[in-house]
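Chain residues, written in single-letter form:
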Amino acid sequence: MAQPVFYDPQRARWKRLRRLIDVSAILVSALIIFFVFTALRDETLPELLFPPQKRALKALKESEKEKARDRQKKLAARSHRKSKLAASQVTLNQGEGIRAAFYVPWDAASFSSLRAFAHQVDILYPDWLHVLTSDGRLQGVDDQTNKYFDVVQGSSVLPVDDRVMPFLKTEDPGMEVFPMVNNSDGMNWIEDIADFLNDPDARALFRRQTGQFLSSGHYRGLLVDFEAFRANGQPGYLALLKELSGDLHARNMKLYVAVPPHNDEYDYPAIAAAADGVVLMNYDEHFPGAASGPVASQDWFESNLKFARTVIPKEKIICAIANYGYDWALKPTNGTLPADVHDTPASAQDAWLAARDSEQDVNFDDEAMNPHFSYLDERGLRHDIWFLDAVTALNHMRSAQALGIQTFALWRLGSEDRSLWRIWDQPGDSGATDKLRDVPPGADVDMEGQGEILRIEDKPAHGFRDLTIDENSKLITDEVFQTLPEPYRVGRYGYSPNKIALTFDDGPDPQWTPRILDVLKQKHANATFFLIGIQADKFSGIAKRIYNEGNTIGNHTFTHPDISNISDVHVKVELNLTERLFASLLGVRATLMRPPYAIDEEPDTADQVRPLEIPQEMGYITVGNRIDPNDWSDKPTAERISSYVLSHLPPCKQENLRCGNIVLLHDGGGNRSETVRALPMIIDGIRARGYEIAPVYELLGKTRADVMAPLPASELWAARLDRLGFWIFDAGIVVIT
């Protein structure tokens, strides 16, 4: 009887096969372990483009970080609240202090403060709505274009902010939101709204649109802040407040009204009769366009409150205090100010930085009890800075409490001296003054230089001040800084008057990247592609084509996470995996990096800079951008994309954050047909204006090999093993899916 071909009674072949399987399993396991090791190892890229740090970074010691975290937890747990009632349902100034704050969407630091101190704010007044025309329609501001738009369009209500309400829903700090509507266009108060106020039809439109807006979200009412309009608008103003009061009360909502202090044009009793709360904006004693001086001197502040007590019921007074200042540019004795020099607002951090840069001491004026100093700018022009800080806040709150006022609103989140939050809940505590001696830095970033290639040059450091307290009044009568608080200092590099770099994010994409490469090849131009690692692994042939055709490759992480919301270890894995992929595919180590989400035009706050620390420590060079035509948006057109790019080319003014040398476009992440169509227009337009299209590395005066260094021969074996590791990774994904 014939035996089967594979009949093996002694199982010899099985033993050999088993040994082969065992050896293969060991090799594959070793390869996986090696692959994981290379992803996790903390291997720093060589320092190529910047000299070593010359100043020691003033980072907080770990023990100090832990203490700071503990303090934040205690602050979050502490409360000035004595009841569980919603803040708007509490009778004001009757034993329970309510805390409110103003939020502005145009300053990233404002959201940073909101996120950090939300649990210490009961009521939020966001600066979202505006009335600027005689017909009374509601308008908002597009934060991308800085242009006004109609908030209510037919039955639709357009969004005015995409951060605050989602954040509050997630964090649930128990905060009530009362959107603010004003007549400011961002620069000036619009006087002509008197026509709207006196027109019943315009008021009816405003009320109808206000009702639609308030119904679109979880809002508890409205704050009205109409200022500096013509005096003949006062009758219509009072009529509107009465009408709004009826509208809102019928919907179980409340009306708050913000008013300037001690202004003869305002009928305070009539306003108070219509409103549930009157926000007394007890600041701007001196303001831009007028003589320099204290923003809210102590005697002036107290006098306004005493007057308010005579014309507004105490149970309706909300005392707004400020934490910001102004930088006045003084006219020369003989001559005029240059056209581009004018008075500007200044946050507390802005003031401290100006004092540091000019080497001027911050003085606490004995009479006004406000800090101030003067300096000469680079043109020899004198500036006066007066501002309000946590010391003035404590003095103002204590003097208000002495007059029976315990309800306060902060103007504004983002500009404040952050030590204020230590005394915000309980300003009357005997130990409150000691909590103000250590001064944390603000959320702002000290940006130095020009360009969109970024490097952290110094980390935040606390300041320290000595305080003198009057034993009788318990007010602080002097503050002397021993050291000023320092924010992140970020150096900007790469500015050029005649070179423009094209960059693409989120590829490679099998449909759009080849078409973009075709255009670049046809136009004899090159670009920098910040590739997502998992995409480059999946479409490795396209990644190789990008490199082989003379373009530059940069790291855009492996899976495109928001690196501000993941752990340091996760950040390193994302960057290491992508770096090892480039090494295995192309035989190079790419040092240029652009983080997903974290960088827009440039980092504005410490929250946005902090995620860049880890990549920089690993040796990466962060490439930002300023020219962002939003080609990723829902309905871009090639004409709009190209027009935007060409209208924001150098020369750039210092304050113009949309003008630069680096253009951000996308070759992945969605339909990029309009980007492909816009690219020839952009290239031709740039060249027609006399600019050269150059790679990013040329903006730094470096070579392609500097930013994509070929692997040394000693590392090629590891790259080959990593390639096998990525092959196993790909096979695993296929099996799983």
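Residues numbered from 1 in each chain as written. Predicted model: local features only at pLDDT ≥ 70, side-chain atom pairs only at ≥ 80, totals over all residues. Heavy atoms only, no water.

## Observations regarding the overall build of the chain
Operational definition: Every helix listed is a DSSP run of H or I at least four residues long, and every strand listed is a run of E at least two residues long, numbered separately from the N terminus. Relative accessibility thresholds used throughout: buried, under 20% of the residue-type maximum; exposed, over 50%; partly exposed, between the two (1.4 Å probe, protein chains only). Here a residue-residue contact requires only that any non-hydrogen atoms of the pair lie within 4.5 Å.
Each helix and strand in the chain was counted, giving 22 helices and 33 strands. Evaluated residue by residue, the chain yields a buried proportion of 54% over its 737 residues. Relative to all contacts within the chain whose residues are 6 or more apart in sequence, the contacts with residues 24 or more apart total 74%.

## What about the state of the cysteines?
Threshold: Criterion for a disulfide: a pair of cysteine sulfur atoms at a distance within 2.5 Å.
Counting across every chain of the model gives one disulfide. Across the disulfide from Cys-652 sits Cys-659; the S-S distance is 2.0 Å. Across the S-S bond linking Cys-652 and Cys-659, the dihedral sits near -75°, which makes this disulfide left-handed. Each member of the pair, Cys-652 as well as Cys-659, is classed as buried.

## Observations regarding the pattern of salt bridges
A pair can form between side chains of opposite charge whenever their charged atoms are brought close. Heads up, the rule is: The term salt bridge refers to a pairing of a side-chain nitrogen on Lys or Arg with a carboxyl oxygen on Asp or Glu at a separation within 4 Å.
Applying the stated criterion across every chain, the model contains 37 salt bridges. Taking the shortest distance from any N to any O, the salt bridge between Asp-340 and Arg-379 comes out at 2.7 Å. Separated by 39 residues along the polypeptide, Asp-340 in the loop between β13 (325-329) and β14 (344-346) and Arg-379 in the loop between β16 (371-376) and β17 (382-387) bring together distant segments of the chain. What makes Arg-379 partly exposed here is its relative accessible area of 46%.

## Considerations on the nonpolar core
Short version of the rule: What is meant by a nonpolar core is a set of buried Ala, Val, Leu, Ile, Met, Phe, Trp, Tyr and Cys residues, joined one to another through side-chain atoms within 4.5 Å.
Core analysis: the biggest nonpolar cluster contains 83 residues, and Leu-114, Phe-226 and Tyr-237 have the highest contact counts within it. Look past the residues within four positions of Tyr-237 in its chain and what remains in contact with it is Leu-197, Phe-226, Phe-229, Val-257, Ala-258, Val-259, Tyr-266 and Ile-271. Within the second largest apolar cluster, 56 residues are counted, among which are Leu-517, Ala-543, Phe-558 and Leu-699.

## Topic: the layout of surface pockets
Our working definition: Only protein atoms enter the calculation, which uses a 1 Å grid: trapped sets of points that fit a 1.4 Å probe without letting it out are cavities, open sets showing protein on both sides within 12 Å along at least five of seven lines are pockets, and any residue with an atom within 4 Å of a point is a lining residue. Grid points are joined across faces, edges and corners, and a volume is the space filled by probe spheres set on the points.
Reported here for the second largest pocket is a volume of approximately 210 Å³. As for the second largest pocket, its lining consists of Met-165, Leu-168, Lys-169, Asp-172, Pro-173, Gly-174, Met-175, Glu-176, Val-177, His-218 and Arg-220. If you list the elements that add at least two residues to the lining of the second largest pocket, you get α4 (164-171) and β7 (176-177). Element by element, the count of residues in the lining of the second largest pocket is highest for α4, at three residues.

## Comments concerning empty space enclosed by the protein
The criterion, for reference: For this classification, Asp, Glu, Lys and Arg are treated as charged, while Ala, Val, Leu, Ile, Met, Phe, Trp, Tyr, Cys and Pro are nonpolar and the rest, including Gly, are polar.
Inspection of the entire model under this criterion finds five cavities of 30 Å³ or more. As a volume, the largest cavity reaches approximately 110 Å³. Taken together, 13 residues line the largest cavity, and the ones lying closest to its centre are Gln-450, Gly-451, Tyr-495, Arg-626 and Cys-652. Taken together, the residues of the lining of the largest cavity break down into three nonpolar, six polar and four charged.

## What to know about the packing of aromatic side chains
Defined as follows: Two aromatic rings from Phe, Tyr or Trp, using only the six-membered ring of Trp, form a pair when their centres are within 6.5 Å; if the ring planes differ by under 30 degrees the pair is stacked, by over 60 it is edge-to-face, and anything between is tilted. Only when the NZ of Lys or the CZ of Arg is both within 6 Å of the ring centre and within 35 degrees of the ring normal is a charge said to sit over the ring.
According to the stated counting rule, one finds 23 aromatic pairs in the structure shown. Linked through ring pairs, Phe-102, Tyr-125, Phe-178, Tyr-256 and Trp-411 together constitute an aromatic cluster. Above the face of the Trp-424 ring, Arg-99 is positioned so that its terminal group lies 5.7 Å from the ring centre. Residue placement shows Arg-704 over the ring face of Tyr-547; its charged tip is 4.4 Å from the ring centre.

## Focus on the sheet that holds strand β23 (residues 476-483)
What counts is decided by this rule: Between any two strands, at least two bridges found by DSSP are needed for them to pair.
An order of β19-β22-β23 is seen for the three strands of this open sheet, with the pairing classed as antiparallel. Either end of the sheet is taken by a strand with one partner, and the two such strands are β19 (438-439) and β23. When β19 meets strand β22 (residues 463-469), the two strands line up antiparallel, connected through two bridges. Counted as the bridge partner of Asp-438 is Phe-464 from β22.

## Thoughts on the environment of Gly-669
Its place among the elements puts Gly-669 in the loop between β31 (662-666) and α19 (673-688). You can call Gly-669 exposed: its relative accessible area is 68%.

## With respect to the confidence of the model for the chain
Residues shown with low pLDDT carry predicted positions that ought not to be read at fine detail. This is how it is decided: Values of pLDDT, ranging from 0 to 100, describe the predictor's confidence in every residue of the model.
Scored by pLDDT, the chain comes out at a mean of 89, with 87% of its residues at no less than 70. In this model, residues 51-65 is a region of pLDDT below 50 whose contacts with residues beyond four sequence positions or in other chains number 21 contacts.

## Focus on the side chain of Asp-225
Rules: Residues counted as positive are Lys and Arg, residues counted as negative are Asp and Glu, and His and the chain ends are not counted.
Take Asp-225: it is sitting in strand β9 (residues 221-225). Notably, Asp-225 is buried but unbridged: the nearest opposite-charge side chain belongs to Arg-412, and the N-O separation is 12 Å. Ignoring any residue separated from it by four or fewer positions in sequence, one finds Asp-225 in contact with Met-180, Val-181, Asn-182, Asn-183, Trp-189, Ala-258 and Met-281.

## Some points on the sheet that holds β14
Strand pairing in a sheet relies on backbone hydrogen bonds. The paired strands run either parallel or antiparallel. Where we set the bar: The axes are straight lines fitted to the C-alpha atoms, using for helices just the contacting stretch, and the angles between their N-to-C directions are given from 0 to 180°.
One open sheet accounts for five strands, arranged β14-β13-β17-β16-β15; its pairing is antiparallel. The outermost strands of the open sheet, each flanked by one partner alone, are β14 and β15 (363-364). Here β13 pairs with β17 via five bridges, running antiparallel. The residue of β17 that forms the bridge with Asp-327 is Ile-385. Most of the contacts of helix α10 (residues 348-358) go to β16, to which it runs at about 45°, and overall it touches β14, β16 and β17.

## Section: α4
Put simply, the rule reads: Here the arc refers to the directions that run from the helix axis out to each C-beta atom.
Residues Val-164, Phe-167 and Leu-168 constitute the buried set of α4. Taken end-on, α4 shows its buried residues confined to a sector of 95°, consistent with a single buried face. Pointing more than 90 degrees away from the buried face of α4 are the exposed residues Lys-169 and Thr-170. If you follow the buried residues of α4, they end up packed against β1 (99-103), α3 (108-117), β2 (123-130) and β7. Directly beyond the C-terminal end of α4, a positive phi value near 50° is found at Asp-172.

## Examining the environment of Val-104
In this fold, Val-104 is placed in the loop between β1 and α3. By relative accessible area, Val-104 is classed as buried at 0%. The spacing of Val-104 and Pro-126 is 22 residues in sequence and 5.9 Å in space, taken between C-alpha atoms. Among residues more than four places away in sequence, those in contact with Val-104 are Ser-110, Asp-127, Trp-411 and Arg-412.

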